[in-house]
Amino acid sequence: MTKRRTPRPLSLAPRPSSLGAIRQLPMVAPAAQPGDQLQRGGTTAGRLGEIVTAANRWRENYNPLRGLVMRRVVELLELAQRGDTAYLQWAFRFVERRYPTLSALITRCEAPLLNFDWTIQIKEQAGAPDSVGRESGEQSANGLGRSGAPDSVGRESGRHSPNGVGRSLNAMALRQQSTLRSAYDLIDNLKEAIKHLHLAEFRGYSHLQKHRAGGAPNSVSARPGPSDFGLRASGFHPSDVIHLEPLNQWCVCRDGLEGNWWWNPDSRSTSQPLQFLGPANCIGGPELPLQDFIIHTVDRPIDEIALVNFVRANLCEKDADAFMEIFGIPSGVVIMPPNVPQGKEGEFELAAKLISQGGSGALPNGSEYKPNDSPRGVDPFTPRLRHLDEQVVLVGTGGKLTMLTEGGSGTLAGAAHQDTFEDIAAARAEKISECFQRDFDAEVLAREHPGEPVLAGFTLTPVERGDEASLAFTRELVKGLLRNPQMGSVLLEQINLKETIRASGAVINEEVQSPMSKVPSPSPSSA
């Protein structure tokens, strides 16, 4: 008789291994520490592999589209109203990947934006002469006339001329422009960061965390002067931003409708982040300072409308499939003739069933076949699905378009659609530029140019259509036409050619006047 072994109780203590002791990991990701660089996977730099726990992997096994009905959609939107956005943002991600209309809309909207060029633009007041604050020690009303500020053209400390102040501001703006350009050149994923900020138009908000050089191997210990910022080649300063990490938005929640943002690494569903996440995870607290983040918020996110229409479209598609199953494939009912021979009912029934389902066969004389007809004359589902898609496109394009594709693509209709998406991208580029100016430029300029007014900033600008050779040819052609006084007077009135004519060096009639008004004809020397 074999002796039964008593099973050993399970132990949570680490067992020795040839590879070393197994370290137990916490079931909940710990709070962020000062200087932590958050990653989109919910981990933190320096502790990779230690806080990616089983509790943080639930998202990969949860499909928010399973059982998604209108009641659940309303619940998710109500949770987000209280700042609990984990489930809603995770659902947004799935809908953006599964809803063809929304996926195409995102692609069409972000494509022109990603083709924009970024520049550091000098503000207009940089070249304007100051009207007050001429004497040393006197500060102007707008804060631009600093006492004793050195002039790049070597003016004396004392009484400043208007032109001198303008030159000083211009030189100051050029230095700020060089500083910002160098700061943005250090970022290794600027295009990805712009794309992530653009998603705020659909999801409601986007967060980027600045990853600094910190303890990088090639970091330097001393802070160079402002003039050396764009020239240093020995390495990075610890405060330099080298990466903008797009945070997963289901790992970010809010304290109420307009409260503080919180880092939520486990994607917990909570409307009380201070109690359940702790003050260490507050974005804006000492562990996660606000200057380490670039935040873009949108009041009317497109995905909220798309989520509702996604559920409605799925229900409509379900009914349409049932409709097609009944009326799409030819089927009907066979009425058997009277006086069927006894014992032959089964054979006749089998043949009638085959024919009623669209098959072939023979029926006895006197049989009658009645096909199933549609209960209505038109398809009721296609117009409904088209209406739902039009609503999403209408919201996503600000009312400029109702459909993503139209007949006549490649002609005037196609060009109109392209212009529409370029206009949308230009408007959103302005908002993204403001986010960078507020959350990135301001910090760099305050550190590198303390006490100076902000005279330069990040700007996304559309790429001018046409290559440089074509533009140069157009300018030379315009110059040739301007040599004729009569032709020149006509060209100077054309508003559509204003920029090209200005680039050719001619004087533009900026005011809208009578078509018969005269403008100065260009002299042969200026042409």
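Our subject is the structure listed above.
Here the structure is a predicted model, which is why all the values come from computation and not from measurement.

**Some points on the overall build of the protein chain**
Scanning the protein chain for helices and strands turns up 14 helices and ten strands. Per-residue burial over the protein chain gives 39% buried out of 527 residues. Once local pairs closer than 6 in sequence are excluded, the contacts in the protein chain between residues at least 24 apart make up 70%. Counting only carbon and sulfur atoms, one obtains 54% of the accessible surface of the protein chain, whose full area is about 30,400 Å².

**A word on the packing of aromatic side chains**
Following the criterion strictly, the structure yields eleven aromatic pairs and no others. Ring centres of Trp90 and Trp250 lie 4.9 Å apart, and the angle between their planes is 75 degrees; on these two criteria the pair is classed as edge-to-face. Of this pair, Trp90 sits in helix H2 (residues 86-98) while Trp250 sits in the loop between strand E3 (241-246) and strand E4 (252-254); the two residues are 160 residues apart in sequence, bridging distant segments of the chain. Exposure class is identical for Trp90 and Trp250. Each is buried. Ring geometry for Trp118 and Tyr184: centres 5.6 Å apart, planes at 40 degrees, overall tilted. Linking Trp118 in strand E1 (residues 117-122) with Tyr184 in helix H4 (residues 162-185), this pair joins segments that are 66 residues apart in sequence. Site record: aromatic cluster; members linked through ring pairs are Trp118, Tyr184, Phe436, Phe440 and Phe458.

**Topic: the packing of helix H3 (residues 100-114) against helix H10 (residues 381-396)**
Orientation of H3 relative to H10, taken along the N-to-C sense of each, is 25 degrees, at an axis distance of 10 Å. Classed by the angle they form, the pair H3 and H10 counts as roughly parallel. Seen along the crossing, H3 lies across H10 with a hand that is right-handed. Contacts between H3 and H10 involve Thr101, Leu102, Leu105 and Cys109 on the former and, on the latter, Asp389, Val392, Val393 and Gly396. Among the residues forming the contact of H3 with H10, the class breakdown is five nonpolar, two polar and one charged.

**A word on the sheet that holds strand E6 (residues 282-283)**
As summarised here, the arrangement of the three strands in space is E4-E5-E6, forming an open sheet in which the pairing is antiparallel. Among the strands making up the open sheet, the edge pair consists of E4 and E6. Across two bridges, the pairing between strand E5 (residues 261-263) and E6 is antiparallel. Following the sheet pairing, Trp261 is matched in E6 by Ile283.

**Considering the side chain of Asn309**
Here Asn309 lies in helix H8 (residues 302-327). Given the relative accessible area of 2%, Asn309 is considered buried. Side-chain polar atoms of Asn309 contact the backbone oxygen of Leu388, separated by 3.0 Å. Ignoring any residue separated from it by four or fewer positions in sequence, one finds Asn309 in contact with Tyr99, Leu388, Gln391 and Val392.

Criteria and thresholds
Residues numbered from 1 in each chain as written. Predicted model: local features only at pLDDT ≥ 70, side-chain atom pairs only at ≥ 80, totals over all residues. Heavy atoms only, no water. Helix = DSSP H or I, 4+ residues; strand = E, 2+ residues; numbered from the N terminus. Buried < 20%, exposed > 50% of the residue type's maximum accessible area, 1.4 Å probe, protein only. Contact = heavy atoms within 4.5 Å. Areas by Shrake-Rupley, 256 points an atom, 1.4 Å probe, with all protein chains shown as cover. Phe/Tyr/Trp six-rings, centres within 6.5 Å; stacked < 30°, edge-to-face > 60°. Axes fitted to C-alpha atoms, helices over the stretch in contact; angles between N-to-C directions. Parallel < 35°, antiparallel > 145°, perpendicular 65-115°, else oblique. Left-handed = near helix turned anticlockwise from the far one by under 90°. Nonpolar A, V, L, I, M, F, W, Y, C, P; charged D, E, K, R; others polar. Pairing = 2+ DSSP bridges. Polar contact = N/O pair within 3.5 Å; in protein donor to acceptor, adjacent residues only side chain to side chain.

Functional significance is not addressed by these values, which are geometric in nature.
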